[in-house]
Amino acid sequence: MLGKFGVCTGLMLALLGTNMSFAQAPIKLWNIHPEGYPVTEALNSFAAEVKKATNGRLAIDVASAGALGDQPQAVQMMKASTLDMAEFNLAALAEAVPSMTSINLPFLFADSKHMFRLLDGVMGEGFNKRLAAGGYVVLGWYDGGERSFYCVNKRLTGPRDFAGLRIRVQNAEAFVEMVKLLGATPVSVPYKEVLSAFEQGKIDCAENNLPSYVSAGHYKVAKHVFLTSHVVAPEALVVSSKAWAGFNAADQAILREAGKKSALYMRELWNKRVKESRDIAVKAGSTFEQPIEFGAYVSRMKPLHQKYWKDPETRNELVTILAN
Ligand code: GTR
């Protein structure tokens, strides 16, 4: 005779027999950007793709706009296994694998095309392996764009103009050192607090790509843009190595495929968004200056670059980047 529990168990066995599976608790995916931003759109498409491929068994909950906290908090959550997936910039990845800093150095990649040519090839595979050992499995390389400086009351036109300025940076070595080498003072401020730091007069300048400059509202206060494109760097959709080990091979393949697709989608959206952002900023009165030549900036970065030349593994990567 089957009791209530027996009926349930019987039903479960019957469902397993018909190859139906059960939905699991949603997987949280951290993201700092708001709805509509290329990163967010691509992550939403990733979640939809995974849901479809697993008949709804794997649900991914994209927590956008930094709803779960800022990036350093998300890194801690990943370590504590209270978060499984995130779209991180290199500051987080370089913390796990310090040699990753090499691809965050200023004046290295000419543009995103140059960067993805290498990241989608052998060099990317090498990074993927090191990151997996450091705690992150990369599902897709996203575009972090070309970063330039912008200021409130200062029109930058040359390397000497940086002296004495307080410039907001991400809390990452390459950025802190770069700003010091330009003769300015780095001020580390979380992304979501940069606009109020400008408004409160705590910083004179910041640096970012044009989509973030507009999306985060910085263009409303910091109108003088200096198009240095000093850092061209990727971001990555990652899952913690610990969570990864919990997926079977079939699900891992689904996640990898969806991750790759989402990255290609993101890159496509990105290029459009860069143009739209510039148009918005121009309409709002932002001015854009272009450096005349880059030699003076690159030579100021020498001590930072030299530090990374010393490590043979990093040196090989830097040579590959510069030669390709
Ligand atoms: C954005 C980037 C974020 C973060 C932010 C910042 O462009 O997508 O991951 O790096 O800049 O400056 O903090």
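For the structure, see preceding data.
Residues numbered from 1 in each chain as written. Predicted model: local features only at pLDDT ≥ 70, side-chain atom pairs only at ≥ 80, totals over all residues. Heavy atoms only, no water.

(A) Molecular detail of the state of the cysteines. Using the criterion set out here, one finds one disulfide in the structure. One disulfide in the model links Cys-151 with Cys-205; its S-S distance is 2.2 Å. With the S-S dihedral at roughly 100°, the linkage between Cys-151 and Cys-205 falls on the right-handed side. Within this pair, whereas Cys-151 is found in strand S4 (residues 136-151), its partner Cys-205 is found in strand S7 (residues 205-208), the two being separated by 54 residues in sequence. Neither residue differs from the other here; Cys-151 and Cys-205 are each classed as buried. (Disulfide = S-S within 2.5 Å. Helix = DSSP H or I, 4+ residues; strand = E, 2+ residues; numbered from the N terminus. Buried < 20%, exposed > 50% of the residue type's maximum accessible area, 1.4 Å probe, protein only.)

(B) The arrangement of the site of the ligand in detail. By nearness alone, every residue bordering the ligand is listed as His-33, Asn-89, Arg-147, Arg-168, Gln-170, Tyr-191, Asn-208, Asn-209, Ser-212 and Glu-235. Residue Asn-89 places a side-chain N or O atom 2.5 Å away from an oxygen atom belonging to the ligand. Note that an oxygen atom of the ligand is positioned 2.8 Å from one of the side-chain N or O atoms of Arg-147. Taken by itself the ligand offers 320 Å² of open surface, and the protein chains cover 95% of this. (Near = heavy atom within 4 Å. Polar contact = N/O pair within 3.5 Å; in protein donor to acceptor, adjacent residues only side chain to side chain. Areas by Shrake-Rupley, 256 points an atom, 1.4 Å probe, with all protein chains shown as cover.)

(C) Summary view of the nonpolar core. Counting 58 residues, the largest nonpolar core has Phe-88, Leu-93, Met-100, Trp-141, Phe-162 and Val-238 as the members making the most contacts within it. Among the elements that line this core, the one with the most residues is strand S8 (residues 224-240), at six residues. Ignoring any residue separated from it by four or fewer positions in sequence, one finds Met-100 in contact with Leu-90, Leu-93, Ala-94, Phe-127, Leu-131 and Trp-141. Membership of the second largest hydrophobic core comes to 26 residues, among which are Ala-42, Phe-46, Val-50 and Tyr-142. (Core = buried A, V, L, I, M, F, W, Y, C linked by side-chain atoms within 4.5 Å. Contact = heavy atoms within 4.5 Å.)

(D) Region of the structure containing the pattern of salt bridges. Inspection of the entire model under this criterion finds 13 salt bridges. When the shortest N-O distance is used, the salt bridge between Arg-147 and Glu-207 registers 3.0 Å. With Arg-147 in strand S4 and Glu-207 in strand S7, this residue pair connects regions lying 60 residues apart in the sequence. Of the residues examined, Arg-147 reaches a relative accessible area of 8% and is grouped as buried. Two residues, Asp-279 and Lys-275, come together in a salt bridge whose shortest N-O distance is 3.4 Å. Of this pair, Asp-279 and Lys-275 both sit in helix H11 (residues 249-283), four residues apart, roughly one helical turn. A relative accessible area of 40% places Asp-279 in the partly exposed class. (Salt bridge = Lys/Arg side-chain N within 4 Å of Asp/Glu carboxyl O.)

(E) The environment of Lys-180, seen in detail. Along the chain, the position of Lys-180 falls in helix H7 (residues 173-181). Note: C-alpha distance between Lys-180 and Ile-167 (13 residues apart in sequence) is 9.6 Å.

(F) The arrangement of helix H14 (residues 312-323) in detail. Taking 1.5 Å of rise per residue, the twelve residues of H14 would be expected to cover 16 Å, and the 16 Å separating its terminal C-alpha atoms lies within 8% of that figure. Where H14 is concerned, the buried positions are Thr-314, Glu-317, Leu-318 and Ile-321. In a view along the axis of H14, the buried residues occupy a sector of 100°, so they form one face of it. Turned more than 90 degrees off the buried face of H14, the exposed positions are Pro-312, Asn-316 and Ala-323. (Expected span 1.5 Å × (residues − 1). Arc of directions from axis to C-beta.)

(G) Fine view of the packing of aromatic side chains. According to the stated counting rule, one finds 13 aromatic pairs in the structure shown. Consider the rings of Trp-244 and Phe-247, whose centres lie 6.4 Å apart with planes at 65°: the pair is edge-to-face. Each member of the pair, Trp-244 together with Phe-247, is buried. Through pairs of rings, three or more aromatic residues link up here, namely Phe-107, Phe-149, Phe-162, Phe-226, Phe-294 and Tyr-297. Taking the ring centre of Phe-116 as reference, the NZ or CZ of Arg-267 above it sits at 3.6 Å. Against the face of Phe-288 rests Arg-278, its NZ or CZ located 4.2 Å from the ring centre. (Phe/Tyr/Trp six-rings, centres within 6.5 Å; stacked < 30°, edge-to-face > 60°. Lys NZ or Arg CZ within 6 Å of the ring centre and 35° of its normal.)

(H) Local environment of the side chain of Glu-317. Relative to the helices and strands, Glu-317 resides in helix H14. Classification of Glu-317 as buried rests on a relative accessible area of 9%.

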